[in-house]
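# Summary of the model geometry
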Amino acid sequence: MGGPLGAIIGRYPAAAGVDAEGQIGGGGGSGSDGGIIRHNRKCRDLVFLVIFIAFWVAMIVNSSFGFNQGNPLRLTYSLDYKGNVCGNRHADPDLRELDVRYWLDPNQVYLSGVKDSRFDLADARSICLMECPIPSEDGLNWVCDYPEGDIRLSVDDWINRDYDYYEFLTPEMRNTSLQLQGPCYPVIFPSVNVHWSCQFIVRASNVSLKHWQQMGGVNIDENIIIDKTIHKTINSPSSVLKRYVADIGKAWPVLIVCGGIVPLFLSVIWLLMIRHFVAGMTWITVILFNALVISVTMLYYAKAGWIGDDALSVVIGESDPYIRISGREINHLRVVAILMTIVMIIAFLSSIAIVRRILIATSVLKVAAKVIGEVQALIIFPILPYVVLAIFYMFWFSAALHLFSSGQILKNDCSGNCCAFDLKSNKVNCDNCCGYSIHYTPHIGLSILFHLFGCYWATQFIIACSSTVIAGSVASYYWARGEISPEIPFLPVFSSMKRLLRYSLGSVALGSVIVSVVEWIRFILEAFRRRLRHTDPAPATFFGKFMSSSSHYCLGCIDWTIRSVNRNAYIMIAITGKGFSRASVIATGLIMNNILRIGKVNVIGDVILYLGKLCVSLFCALFAFLMLDTYKYKSAHNKISSPLFPVLVTWGLGYIVATLFFAVVEMSIDTIILSFCQDTEEHQGTAQCAPLLLIETLDGQGEMQRLTQGP
């Protein structure tokens, strides 16, 4: 172990003077080193601190690219035939109130859906309107192109006339309109606003179609392909993903309230209850966890349409109640509802299994409650990393929205044969047939992946810094028992923070990047595994399934092990000032030497704390559901496509905030247990500095086991 830990931190005398690391023993902690955990330290793992700083510079450069090239409107609204984003006030013409994409020529829509057709729906002529037009009940309605050229109408007048200026057309223009070449087009099919695109309902108005035929209009195809083609485009995976990302931007008040403020208050309340009502907190946590899992599951069932009549609607605004249009969002909610049902069953059975072990967890939490009571600054310290994370996430989410929308709007390379009347040149133009699309280059995908990885690493780094500060504060409390208790620093939290900032940021950066890299390797391998499963039609063999499942679970075990080692390494970094690698070795050695003594106590305590974090995050998800169920997020421009992503992001933010605050209890328990292990090793099995409550908890574990298991 490299010498007694008590000598390193100044609690017990080492051989004499200074050891090889330059650490002064100082008899009884009163030597020239200044006392507890104040031995001579030096900066560790500086290379990784430099890498982390360089990484942040790259994050800023990457985000600036998104801010420069992106436009979050593209995530919600579509493009017209000129390449303008609907709803964009800077377009030509001004489209600030024209949000809905409408395809003018139903025959082009039909042609794009025919099998082996070389014409794509993105090339079909579409414009932006305020709302989807409907056929006339006693005549024929028209939707005309943007007014320009000889059509001397303002955009406002065009809107007030319901986009119809057919009466102003010259005979030539009327003739081309009857050929479905514009500038005016008949409204034959009803349509509804589905995610800001007009979904045609192939149920032609007999009155409008009769008028069209009487006027000598060309034949219009009445085929279900028209309906399916638009539906397929609106529900393509890329379109759904864009809407999910856009939902995050629309629901930012929900993220702030339910993902930031609510978990802050809930976590502080939980810590205060641990401090003053520890005996009942384990039972409250288990019961509350099960109630919240059931509540959130029922809300998913309701939104999936399996309970009640409040199912998710893909239609924006009012629509015919007899018209039912589904989308991928509904299917995704149903999948999540099934998964939550499985989680609910597992949670209930697991709660029954751990009921008889709750007394052990209560004893461990009492030790943490005693620490919090004596080092009271620990309760409010997590607010500092919370503020840092809040600022980071506001920047990160804004940059993410711009990165996801940073593709280039380019004219399509099409070979379709189509003609349309050009009002500017006042003639039919057959050379400008192709539409526009948003093209994403490979480097944009890499930028998004880098941005996601950056969020994960930064989050792990801030949580690791917070944990290390807490560990240093608790270690000061443990090793200052007895005759040297007056030498505890006046503010141990701030002293621990100072040591972290001065000496150990590189070590924390190394530990956090290891967790991040392993997690991303898991993510990439899982993505490949899913893609292979979908692309290979051949049924997998038993051996293939076994290898796939084994690799998945092995990577999960490796990830869990690294997280556990990291947490204990941060404790030894805070106590000894060692580098990350050396601290990991020391911590692992202590745990392996005392695994039978501390294992059960630590595991049960971790389970209760994990359930507590899930309680906070599930509360956040529940509140997010309730906020998203209000009128604001069900109508007009704030309507979200699905509560799925905002709720999941809120759940994740709530869990992260809870992790920051629950680390006070978690790291208190782990730090005291590791210090206890070292204390017993240095004193032939008898801890000299351990609080009496901890000794009773660990030494009485056998009796506790007998009490909980019964005769």
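What you see is a predicted model; the values in this text were computed from it and never measured.

## Brief notes about the overall build of the chain
The secondary structure content of the chain amounts to 23 helices and 10 strands. The long-range fraction of contacts in the chain, counting pairs at least 24 apart against all pairs at least 6 apart in sequence, stands at 76%. Counting every atom, the chain has about 32,500 Å² of accessible surface; 62% of that belongs to carbon and sulfur.

## With respect to unusual backbone geometry
Cis rather than trans, the peptide bond between Asp-92 and Pro-93 has omega equal to 5°. Its place among the elements puts Pro-93 in the loop between helix H3 (73-76) and strand E1 (100-103). You will see that Asp-45, though not glycine, has its phi angle at about 50°, which is positive. Secondary-structure assignment places Asp-45 in the loop between helix H1 (5-9) and helix H2 (46-69). When its relative accessible area of 23% is taken as the criterion, Asp-45 is described as partly exposed. Phi at Asn-426 takes a positive value of approximately 60°, unusual for a residue other than glycine.

## Remarks on the nonpolar core
Core analysis: the biggest nonpolar cluster contains 124 residues, and Tyr-300 and Val-665 have the highest contact counts within it. Considering each element in turn, this core owes the most residues, 19 residues, to helix H21 (residues 644-682). If near-sequence neighbours (up to four positions away) are discounted, Tyr-300 is found in contact with Leu-333, Val-336, Ala-337, Met-340, Phe-625, Leu-644, Val-647 and Leu-648. Leu-98, Met-173, Tyr-185 and Leu-209 belong to the second-largest nonpolar core, a separate cluster that totals 63 residues.

## Observations regarding a nonpolar patch on the surface
A cluster of nonpolar side chains, Ile-294, Met-298, Trp-306, Ile-307, Val-335, Ile-338, Leu-339, Ile-342 and Ile-346, forms an exposed patch at the surface whose accessible area comes to about 790 Å². Residue assignment for the nonpolar patch shows that the elements contributing at least two residues are helix H11 (278-303) and helix H12 (328-354). Counting residues per element, the nonpolar patch draws most heavily on H12, which supplies five residues. Looking at the element boundaries, Ile-338 is found in helix H12. On the basis of relative accessible area, Ile-338 is assigned to the partly exposed category, the value being 45%.

## Observations regarding the packing of aromatic side chains
Inspection of every chain in the model, using the stated rule, returns 30 aromatic pairs. Aromatic pair Phe-52 and Trp-457: ring centres 5.1 Å apart, planes at 75°, arrangement edge-to-face. Here the residue Phe-52 occupies a position in helix H2, and Trp-457 occupies one in helix H16 (residues 442-479), the gap between them amounting to 405 residues. Residue Phe-52 shares its accessibility class with Trp-457, and that shared class is buried. Geometrically, the ring pair formed by Phe-67 and Phe-395 is tilted, given 6.4 Å between the ring centres and 45° between the ring planes. One end of the pair, Phe-67, is in helix H2; the other, Phe-395, is in helix H15 (residues 383-404), with 328 residues separating them in the sequence. Residue Phe-67 is classed as partly exposed on the basis of its relative accessible area, which comes to 36%. Note that Arg-125 overlies the ring of Tyr-81, its terminal NZ or CZ placed 3.8 Å from the centroid.

## A look at the environment of Leu-505
Checked against the element boundaries, Leu-505 lands in helix H17 (residues 492-535). Since its relative accessible area comes to 18%, Leu-505 is described here as buried. Those residues within four positions of Leu-505 in sequence are excluded, and the remaining contacts are Leu-49, Phe-461, Cys-465 and Leu-500.

## Here we look at the packing of helix H10 (residues 252-276) against H21
Where H10 meets H21, the closest approach of the two axes is 8 Å, and the angle between their N-to-C directions is 30°. The orientation of H10 with respect to H21, classified from their angle, is roughly parallel. Classified by chirality, the crossing of H21 by H10 is right-handed. Contacts between H10 and H21 involve Val-254, Leu-255, Cys-258, Gly-259, Pro-263, Leu-264, Ser-267, Val-268, Trp-270, Leu-271 and Ile-274 on the former and, on the latter, Pro-646, Val-649, Thr-650, Leu-653, Gly-654, Val-657, Ala-658, Phe-661, Phe-662, Val-664 and Val-665. Taken together, the residues that form the contact of H10 with H21 break down as 18 nonpolar, four polar and no charged.

About the criteria used
- Residue numbers restart at each chain and count upward from 1, following the sequence in its written direction.
- With the structure being a predicted model, the display of local features is reserved for residues of pLDDT at least 70 and the display and counting of side-chain atom pairs for 80 or more, all residues being used for whole-chain, interface and lining totals.
- Only hydrogens and water are set aside; all other atoms, that is, all heavy atoms of the structure, feed into the side-chain values.
- The secondary structure listing takes helices from DSSP runs of H or I that are at least 4 residues long and strands from runs of E that are at least 2 residues long, numbered from the N terminus.
- Contacts between residues were defined by any pair of non-hydrogen atoms, one from each residue, lying within 4.5 Å.
- Here the open area of atoms and residues is found with the Shrake-Rupley method and a 1.4 Å probe, where only the protein chains shown may cover a residue.
- Throughout, exposure labels follow a simple rule: accessible area from a 1.4 Å probe, protein chains only, divided by the maximum for the residue type, with under 20% read as buried, over 50% as exposed, and the rest as partly exposed.
- To define a nonpolar core, start from buried Ala, Val, Leu, Ile, Met, Phe, Trp, Tyr and Cys residues and group those joined through side-chain atoms within 4.5 Å.
- To count toward a patch, a residue needs a relative accessible area over 30% and no salt bridge; like charges are then connected within 9 Å, while nonpolar side chains (Val, Leu, Ile, Met, Phe, Trp, Tyr) are connected within 5 Å.
- The rule for a salt bridge is simple: a side-chain nitrogen of Lys or Arg has to be within 4 Å of a carboxyl oxygen of Asp or Glu.
- We call Phe, Tyr and Trp rings a pair once their centres come within 6.5 Å, taking the six-membered ring for Trp, and we label the pair stacked below 30 degrees between planes, edge-to-face above 60, and tilted otherwise.
- Whether a charge lies above a ring is judged from NZ of Lys or CZ of Arg, which has to be within 6 Å of the ring centre and within 35 degrees of the ring normal.
- The convention used is that axes are lines fitted to C-alpha atoms, helices contributing only their stretch in contact, and that angles between N-to-C directions extend from 0 to 180 degrees.
- Throughout, the term roughly parallel applies to angles under 35 degrees, roughly antiparallel to angles over 145, roughly perpendicular to angles from 65 to 115, and oblique to all others.
- By definition, any crossing whose near helix is turned counterclockwise from its far helix by less than a right angle is left-handed, and any crossing with a clockwise turn is right-handed.
- Nonpolar residues are Ala, Val, Leu, Ile, Met, Phe, Trp, Tyr, Cys and Pro. Charged residues are Asp, Glu, Lys and Arg, and all others, Gly as well, are polar.

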